[in-house]
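Residue strings, one per chain:
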Amino acid sequence: LVWLLVLSLAWLDPALGGEDKDEEVIEEEEKEKKEDEVLSDEIKEEDNVLVLHEHNFARALSEHQLLLVEFYAPWCGHCQRLAPAFAQAATELRNESSPARLGKVDATAQTALATEFGITSYPTLKLFRDGNRTHPLEYTGHMDSQSIVRWMQRRAGPSATLLQDTDTIAAFINSQDLVVIGFFKDLKGEAAQAFLEVAAEMVDLTFGVAEAAELFQAYGLSADTVCLFKKFDERQTNFPVDPARGLDTAEITQLLRVHSLQLVMEFTNETSNQIFSAKIPHHMLLFLNKSSTEQLSLQDGFRAAAGDFRGEVRWPHGRDMEGGFGTPQPQCPPFPAQVLFVVVDVTGHGANVLPFFGMTAADAPTLRLVKMKNNRKYQMEQDEFSDSAIRAFIQAVLDGKVKPHLLSAEPPEDWDTRPVKVLVGKTFEQVAFDETKNVFVKFYAPWCPHCQAMEAAWEELAERYKDREDIVIAKMDSTANELENITIRGYPTLYYFPAGPGRKMVEYKSSRDVETFSKFLENGGTLPEEPP
């Protein structure tokens, strides 16, 4: 029996080894097959999206007049969320036999392509036209399927509808709440071509063009003009084209953004994207409780003040729209003076933004002005809701005569007894600007996952230096505290304030671990150079 067992194992072992060898051969063959596929210029598709790599990229450009390519990373959450919308857009464009197609490149695997096109973040979308790979166009639309489709359709052309008679143009104007029509005496001229570029970019608006003399006359025009037609506020807003300067695409785009909004907007879930995407530099906010008839009546004075700050006549160097782009008007206030007026219902969607202003619903009615570039908030000493008081307050802010209203929490009783000192707006300067201390401050948001991830390292760092008289490790909740001369734009932000007179703060931008933090502190606010 022992002999039989040994003999059977002797036979079985080579057989098992043979199976392992066969599996290895199969795996090797599959690997070679995949490599052959990658080396081939064959273009495969996934959900109507072209799968591209360095060996088929040139072929894809040569075969497709318009090709929008997503450069992605498989682990990127934003890319994963975009994938279904991107596939849906690709399917819609293919189903309508559009010359536009969508493709994707795994930028982590196709490093040569990623380097060639300067890919530094994910996802990055670039449009390649007519096979040209040297000057791709950055995608500027929203990341949903309909926006992608419209953006591509505009580039496939035409970006504006040609309107040739009064009946057609009237029907076109009545077809939407907002339409833009460019009246040009030469549709092949530079101004008309610039207008078509704007139309291709602003996919959320409907554009038309006209050159017939009877249409100029029908709408009271004598020269090249861009007109915005609305079913609210003023019916027709004219933006004359200055014959000397032509049509500036950036200026007309901003004007259309501003005037596409209602004179006074209500902050809702549906309008919030419009409000912020318009990029109007100042927002004047009326907080009220819409269930109160008395508070609702305050909107009359608010609306009466809004027209003076719409932005028609406030352009750089005093350019006045009444005279067209570029007409000197020294009496005009300096750019930018556009102010968007917004009503915020503190019992509705607006309740979500109250903490940003350090307010509660009980504070309504009240007014705030916000400078959008740095989120500085301005408050009247005492709320007055007449149109004249609102105008005077806004102008005083624009003229730099009003100091910002800064949020500050109350300092905790034990704020300086723990290794990490807890700063608030009221106590920040006395700690951070103490010339006898080197102060390292973490500006954070309680909800920020990156801040939460480094919390243990920050506590350990403070514990390590708690007995050093010259070093302070601190933190400040930037969602509840604001500083006049320091604007925090992301979380966490780390600043080092060195000891000594005339000191300048240093932003820390390296690894967020205890050892690197410690090297930074020991080296006086810089990291020592590592040997090659």
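Please read all numbers here as calculations on a predicted model, not as lab measurements. (Residues numbered from 1 in each chain as written. Predicted model: local features only at pLDDT ≥ 70, side-chain atom pairs only at ≥ 80, totals over all residues. Heavy atoms only, no water.)

A. Just helix 7 (residues 190-201), in detail. Here helix 7 spans 17 Å end to end across 12 residues, near enough to the 16 Å set by a 1.5 Å rise per residue. Packing partners of the buried residues in helix 7 comprise helix 5 (145-156), strand 8 (178-183), strand 9 (206-210), strand 10 (225-230) and helix 9 (249-260). (Helix = DSSP H or I, 4+ residues; strand = E, 2+ residues; numbered from the N terminus. Expected span 1.5 Å × (residues − 1). Contact = heavy atoms within 4.5 Å.)

B. Structural context of the pairing of strand 18 (residues 438-444). Of all seven residues in strand 18, seven are buried, a share of seventy percent or more. Of the pairings in the sheet, the one linking strand 18 to strand 19 (residues 471-477) comprises seven bridges and is parallel in character. For phenylalanine 443, the partnering residue across the bridge sits in strand 19 and is methionine 476. In this region the chain leaves strand 18, passes through helix 15 (residues 449-464) and returns to the parallel neighbour strand 19; the handedness of that crossover is right-handed. Note that strand 18 and strand 20 (residues 493-497) share five bridges and pair antiparallel. (Buried < 20%, exposed > 50% of the residue type's maximum accessible area, 1.4 Å probe, protein only. Pairing = 2+ DSSP bridges. Right-handed = clockwise from strand over helix to strand, strands pointing away.)

C. Here's a closer look at the side chain of asparagine 481. Along the chain, asparagine 481 turns up in the loop between strand 19 and strand 20. The buried category is assigned to asparagine 481, whose relative accessible area is 5%. There is a polar contact of 2.8 Å between the side chain of asparagine 481 and the backbone nitrogen of alanine 409. At a separation of 3.0 Å, a polar atom in the side chain of asparagine 481 contacts the main-chain amide nitrogen of glycine 425. Among residues more than four places away in sequence, those in contact with asparagine 481 are Leu407, Ser408, Ala409, Leu423, Val424, Gly425 and Met476. (Polar contact = N/O pair within 3.5 Å; in protein donor to acceptor, adjacent residues only side chain to side chain.)

D. Representation of the sheet that holds strand 8 within the structure. Here five strands make up an open sheet; going across it, the order is 7-9-8-10-11 and the pairing mixed. Looking at strand neighbours, the two that pair on one side only are strand 7 (161-162) and strand 11 (236-240), the edges of this open sheet. Here strand 10 runs beside strand 11; their pairing, made up of five bridges, is antiparallel. Within strand 11, the position partnered with phenylalanine 229 by the bridge is glutamine 236. In the packing of helix 7 onto the sheet, contacts are made with strand 8, strand 9 and strand 10, and the angle to strand 9 comes to roughly 165 degrees. The sheet contacts of helix 9 involve strand 8, strand 9, strand 10 and strand 11, and relative to strand 10 the element is tilted by about 20 degrees. (Axes fitted to C-alpha atoms, helices over the stretch in contact; angles between N-to-C directions.)

E. The layout of surface pockets, seen in detail. Space inside the largest pocket adds up to approximately 780 Å³. Contributing to the lining of the largest pocket are 26 residues, with His142, Met202, Asp204, Arg257 and Ser277 lying nearest its centre. Every element with two or more residues in the lining of the largest pocket is listed here: helix 5, helix 9 and helix 10 (272-277). Broken down by class, the residue content of the lining of the largest pocket amounts to seven nonpolar, 12 polar and seven charged. Here the second largest pocket is characterised by a volume of approximately 430 Å³. Across the lining of the second largest pocket, the residue classes tally to nine nonpolar, seven polar and five charged. In terms of domain composition, the lining of the second largest pocket takes at least three residues from each of domain 3 (265-312 + 335-399) and domain 4 (421-523). (1 Å grid on protein atoms, 1.4 Å probe; cavity = no way out; pocket = protein on both sides within 12 Å on 5 of 7 lines; lining within 4 Å. Points joined across faces, edges and corners; volume = space filled by probe spheres on them. Nonpolar A, V, L, I, M, F, W, Y, C, P; charged D, E, K, R; others polar. Domains from an automatic or database assignment.)

F. Summary view of the sheet that holds strand 2 (residues 49-52). Judged by pairing direction, the sheet is mixed, and its six strands sit side by side in the order 1-2-4-3-5-6 without closing on themselves. Whereas interior strands pair on both sides, the edge strands pair on one side only; in this sheet they are strand 1 (44-46) and strand 6 (137-138). When strand 5 (residues 124-129) meets strand 6, the two strands line up antiparallel, connected through two bridges. Of the residues in strand 6, the one forming a bridge with leucine 127 is leucine 137. Sheet strands touched by helix 3 (residues 77-95): strand 1, strand 2, strand 3 (66-72), strand 4 (100-106) and strand 5. Its angle to strand 4, the strand with the most contacts, is close to 150 degrees.

G. Examining the nonpolar core more closely. Residues Phe184, Phe195, Phe207, Val226, Leu247 and Leu256 are the most contacted members of the largest nonpolar core, which totals 24 residues. Among the secondary structure elements, those contributing two or more residues to this core are strand 8, helix 7, strand 9, strand 10 and helix 9. Apart from the residues lying within four places of it in its own chain, the contact partners of phenylalanine 207 are Arg154, Ser159, Ala160, Thr161, Phe172, Val180, Phe195, Val198, Ala199, Met202 and Leu256. Counting residues in hydrophobic clusters, the runner-up holds 22 residues, among them Met284, Leu298, Ala306 and Phe309. (Core = buried A, V, L, I, M, F, W, Y, C linked by side-chain atoms within 4.5 Å.)

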